[in-house]
Amino acid sequence: MFDTLPNLHTFMGWSWAQIEPYYRDLLARDLNDSNAVEWLSDLARLSQLLEETHSRLEVETTLDTEDQARVDRFLAYNETVITPARALDNELRKKILASGINPPGYAVQLRNMREEADLFREANLPLLLEEDRLTSEHDRISGAQTVVWEGEEKTVPAMKIVQQNPNRAVREQAWRLVNDRILADKDALNAVWIDLLKLRHQMAINAGLPDYRAYMWRKMRRFDYTPQDCEAFHAAIERTFVPAAARIDEKRRQRLGVDTLRPWDQDVDTRQLPPLKPFAPDDTARLVTRSAAIFHKVDPALGAHFETMVRDELLDLDNRKGKAPGGYCTDYAYSQRPFIFMNAIGIHDDVQTMLHEGGHAFHSFETFRLPAYQRGTVPDYDVSAIPIEMAEVASMSMELLAAPYLAASEGGFYSDAEAARARIEHLEGIIAFMPYMAVVDAFQHWAYTHVDQALDPANCDAQWAELFRRFIPSLDFTGLESALADGWHRKLHIYQYPFYYVEYGLAQVGALQVWNNALTDQAGAVAAYRRALALGGTRPLPELFQAAGARFTWDADTLQMEVDLIERTLAQLESQL
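Keep in mind that this is a model prediction, so the values were computed, not measured.

Procedures and definitions
Along each chain, the written sequence defines residue order, and numbers are assigned to residues from 1. Restriction of local features to residues with pLDDT of at least 70 applies here, the model being predicted, together with a cutoff of 80 or more for giving and counting side-chain atom pairs; totals for whole chains, interfaces and linings are based on all residues. Excluded from the side-chain calculations are hydrogens and water; all other atoms, namely the structure's heavy atoms, are used. Whether two strands pair depends on DSSP finding at least two bridges between them. Put simply, DSSP marks the helices as runs of H or I at least four residues long and the strands as runs of E at least two long, and each gets a number from the N terminus on. Inter-axis angles, ranging from 0 to 180 degrees, are taken between N-to-C directions of lines fitted to C-alpha atoms, where helices are fitted over the stretch in contact. Working rule for contacts: check all heavy atoms of both residues, and any pair within 4.5 Å makes them a contact. What makes a salt bridge here is a side-chain nitrogen of Lys or Arg within 4 Å of a carboxyl oxygen of Asp or Glu, nothing more. Only protein chains enter the accessibility calculation, which uses a 1.4 Å probe. A residue is then buried if its area is under 20% of the maximum for its type, exposed if over 50%, and partly exposed in between. Throughout this description, a polar contact denotes any pair of N or O atoms lying within 3.5 Å of each other; where both atoms belong to protein, one of them has to be capable of donating a hydrogen while the other can accept it, and for residues adjacent in sequence the pair is counted only when both atoms sit in side chains. An angle below 35 degrees is treated as roughly parallel, one above 145 as roughly antiparallel, one from 65 to 115 as roughly perpendicular, and anything else as oblique. For a crossing to be left-handed, the near helix must be turned anticlockwise from the far one by less than a right angle; the clockwise case is right-handed. For this scheme, ten residues count as nonpolar: Ala, Val, Leu, Ile, Met, Phe, Trp, Tyr, Cys and Pro. Four count as charged, namely Asp, Glu, Lys and Arg, and the remainder, Gly too, count as polar. Note on aromatic pairs: the rings of Phe, Tyr and Trp (six-membered ring only in Trp) are paired at centre separations within 6.5 Å, and the planes decide the class, stacked below 30 degrees, edge-to-face beyond 60, tilted for the rest. Throughout this description, the term charge over a ring refers to an Arg CZ or Lys NZ atom that lies within 6 Å of the ring centre and within 35 degrees of the ring normal. As used here, the term nonpolar core means buried Ala, Val, Leu, Ile, Met, Phe, Trp, Tyr and Cys residues forming a set that is joined through side-chain atoms within 4.5 Å.

Visitor: Where do I start with the sheet that holds strand S3 (residues 315-318) in this structure?
Guide: In any sheet, the strands associate via hydrogen bonds between backbone groups, in a parallel or an antiparallel arrangement. With respect to topology, 3 strands assemble into an open sheet ordered S3-S5-S4, the strand pairing being mixed. Each having just a single partner strand, S3 and strand S4 (328-332) make up the two edges of the open sheet. Averaged over all pairs of adjacent strands, the angle between their axes in this sheet comes to 15°, without regard to strand direction. Here S4 runs beside strand S5 (residues 337-344); their pairing, made up of 5 bridges, is antiparallel. What sits directly across from Thr330, in S5, is Phe339. In the packing of helix H3 (residues 36-63) onto the sheet, contacts are made with S3, S4 and S5, and the angle to S4 comes to roughly 150°.

Visitor: Teacher, can you tell me more about the pattern of salt bridges here?
Guide: Oppositely charged side chains are able to pair whenever their charged atoms sit close together. The tally for this structure, following the rule as stated, stands at 45 salt bridges. Of the charged contacts, one joins Lys219 and Asp382 as a salt bridge, the two residues approaching to 3.5 Å between their closest N and O atoms. Taken together, the positions of Lys219 in helix H9 (residues 212-219) and Asp382 in the loop between helix H14 (372-375) and helix H15 (388-401) put the pair 163 residues apart, joining distant regions of the chain. The class for Asp382 is partly exposed, based on a relative accessible area of 40%. In the salt-bridge network here, residues are joined through shared partners; they are Arg86, Arg93, Glu116, Lys219 and Asp382.

Visitor: What exactly am I supposed to notice about the environment of Asp461 here?
Guide: Within the secondary structure, Asp461 sits in helix H18 (residues 457-471). Taking the relative accessible area as the measure of exposure, Asp461 reaches 11% and is therefore buried. Once the C-alpha coordinates of Asp461 and Trp488 are considered, the two residues, 27 residues apart in sequence, prove to be 7.5 Å apart. Setting aside anything within four residues of it in sequence, one finds Asp461 in contact with Lys186, Ala485, Trp488 and His489. In this structure the side chain of Asp461 is engaged in a polar contact, spanning 2.7 Å, whose partner is the side chain of Trp488.

Visitor: What should I look at first to understand unusual backbone geometry in this one?
Guide: With the exception of glycine, the majority of residues adopt a negative phi angle, and the majority of peptide bonds are in the trans configuration. One non-glycine residue, Gln272, lies in the positive phi region at around 65°. For Gln272, a relative accessible area of 41% gives the class partly exposed. In this structure, Gln336 is a non-glycine residue whose phi angle is positive, near 55°. Relative to the assigned elements, Gln336 resides in the loop between S4 and S5. Residue classification places Gln336 among the partly exposed positions, given a relative accessible area of 29%.

Visitor: I'm lost on the side chain of His54 in this one. Help?
Guide: Relative to the helices and strands, His54 is located in helix H3. Side-chain polar atoms of His54 contact the side chain of Asn78, separated by 3.4 Å. Ignoring sequence-local partners within four residues, the contact set of His54 consists of Phe74, Tyr77, Asn78, Ile82 and Tyr381.

Visitor: Help me understand the packing of helix H11 (residues 284-298) against helix H13 (residues 348-367) in this model?
Guide: Helices that pack against each other are described as a pair by the angle of their axes relative to one another and the distance between those axes. Relative orientation of the contacting elements H11 and H13 amounts to 55°, with a least axis distance of 11 Å. Taken as axis vectors, H11 and H13 run oblique relative to one another. Here the hand of the crossing between H11 and H13 comes out right-handed. Contact residues: Leu287, Ser291, Ile294 and Phe295 in H11; Asp350, Val351, Met354, Leu355, Gly358 and Phe362 in H13. When grouped by side-chain class, the residues that make up the contact of H11 with H13 number 7 nonpolar, 2 polar and 1 charged.

Visitor: What should I look at first to understand the packing of helix H4 (residues 68-99) against helix H5 (residues 107-119) in this one?
Guide: Interhelical geometry of H4 versus H5 gives an angle of 130° and a closest axis separation of 10 Å. With respect to H5, the axis of H4 lies oblique. In this structure, the crossing between H4 and H5 has a hand that is left-handed. Seen from H4, the contacting residues are Asn90, Arg93, Ile96 and Leu97; seen from H5, they are Leu110, Met113, Arg114, Glu116 and Ala117. Of the residues belonging to the contact of H4 with H5, the class tally is 5 nonpolar, 1 polar and 3 charged.

Visitor: Explanation requested: the environment of Asp299 in the structure shown.
Guide: Along the chain, Asp299 falls in the loop between H11 and helix H12 (300-311). On a C-alpha basis, the gap between Asp299 and Pro227 in space is 37 Å, while along the polypeptide they are 72 residues apart. With residues near it in sequence (within four places) discarded, Asp299 still touches Val526 and Arg530. Side-chain polar atoms of Asp299 contact the backbone nitrogen of Ala301, separated by 2.9 Å.

Visitor: Which parts of the structure should I look at to understand the packing of aromatic side chains?
Guide: Inspection of the entire model under this criterion finds 38 aromatic pairs. Ring centres of Phe11 and Trp14 lie 5.7 Å apart, and the angle between their planes is 35°; this geometry places the pair in the tilted category. Here the two residues Phe11 and Trp14 agree in accessibility, since each one is buried. A centroid spacing of 5.5 Å and a plane angle of 50° characterise the contact between Trp16 and Tyr23, whose relative ring orientation is tilted. Given the relative accessible area of 14%, Trp16 is considered buried. Tyr23 sits in the buried class, given a relative accessible area of 0%. Sitting above the plane of the Tyr332 ring, Arg56 keeps its charged end 3.9 Å from the centroid. For the cation-ring pair, Lys323 lies above Phe341, with the distance from its terminal atom to the ring centre recorded as 4.7 Å.

Visitor: Looking at this model, I keep getting lost on the side chain of Asn90. Mind explaining?
Guide: Relative to the helices and strands, Asn90 is located in helix H4. You can call Asn90 buried: its relative accessible area is 5%. The residues contacting Asn90, other than those within four sequence positions of it, are Glu116, Ala117 and Phe120.

Visitor: Which parts of the structure should I look at to understand the nonpolar core?
Guide: Side chains of a nonpolar character, in soluble globular proteins, are inclined to be buried together. Counting 150 residues, the largest nonpolar core has Trp193, Phe233 and Phe443 as its most contacted members. Broken down by element, the residue count for this core peaks at 18 residues, all from helix H16 (residues 416-449). Among residues more than four places away in sequence, those in contact with Phe443 are Trp193, Cys460, Gln463, Trp464, Leu467, Trp488 and Ile494. Core analysis: the next-biggest nonpolar cluster, separate from the first, contains 36 residues, Ile19, Leu26, Leu57 and Val81 among them.

What follows is the structure in structure tokens.
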């Protein structure tokens, strides 16, 4: 029967009435050790068609948030196809678990299925639909945010480049303009937040759990660490990365010759040099060609993967009005291709984003080599089959593995001196990021375990401000207290990807270990990196880290060694300037 499944283009137009018989066929068939791989492979093909259709429709909504027809198509597909599919997905999970099968490379899948089956509640299906609607509304609000700068309408992301202007008055004017524009949407964003918080708490209650944190811990398959481990991670960051960030901030303050660091002083070059310009804002073609050269330098096979993406038009890079904020890489499971989305405006951060998302894309390509049934069988539209922590090791390691090739002499974007500046910017950014990650993660722990308090946005403002001052004490918000407290409204993950943030911190610890290995053996580190990516989600998380040459750990001693490594490298790079 599965030979009659159509190609993707046709499948994307199918109704649930056309898809359901394939589910019924799988449910009616015997499943045992002798036919397990065939049965699971049939299921994988159906799952991949569903997942890719869902992904492509969702991507379309982010490319143009002002096109309501795209949003309507995505929401309609979720309601008419994905919702009934979710119910039968759970029946398939139960059938697989009851069969007792355990084909090669499937143990982790079975573990994940047990968790999913235990967590599934039919009452949550309409809530998942409403969550999609609310996150689309958040995209719409954010995508519409523009300001007029020097007589020209600019998106909020496009204003980042002004924050690198050596003129402090210009930076301040731009920062205040953007801040006022974002604050203008505060009531609308608060309304979305309240609805999301209520909805997510109800999901947890429906599943018999005390709060949404407990629900998401199981939903995200966090078998290898606990909420208490996250709190210990925050404390370790406070002991190690927070003082390191303060040292960088003090050096920045002295070099800029200012009394205190203000929010508009974070991105400017402290030597009063003009911003790095790896490509013109309207020349993303250069971003593509130079990135391709860098990836080829890291590893020819990875470079070939990227060339495939270019050839197949799997990149949407330019910033424009109406485009959703941020950047991401998603999989098209049936086509076995990744897709990269970003908002490039011609700054070095765009290069880092491309390297980061490229790492995700390479993870996908390497995983596609696995048999279909090992990549994923029962569809999951919310959580990747690959542990997110390891997925972020793939992306963050690529940023560091690619660093030696940023100079034009290696095929990259910059002169040797500019390449050193770019690496300084990146490494200082890692140190600054870890405290910020702790703020975002700790805020979510508080919000979802103190729902009654978090339903009042004023309490959220106060909690965010308290956490920010704890982890990022060097930044002076005197007279800007409302802007400080409003910071949580600007974090996409808080709205759209709840509890997806600590992964970045844990992965950064792993990626820095991969980088440390590369400093003595670049080729060996890249080979281990690729071997780890090729495992997909077939091993437990600590084993995936180990395959990449890293330990899955977050203790203060490890973090301090990494801080020392970054600071030594920064001193070396500074000496080149």
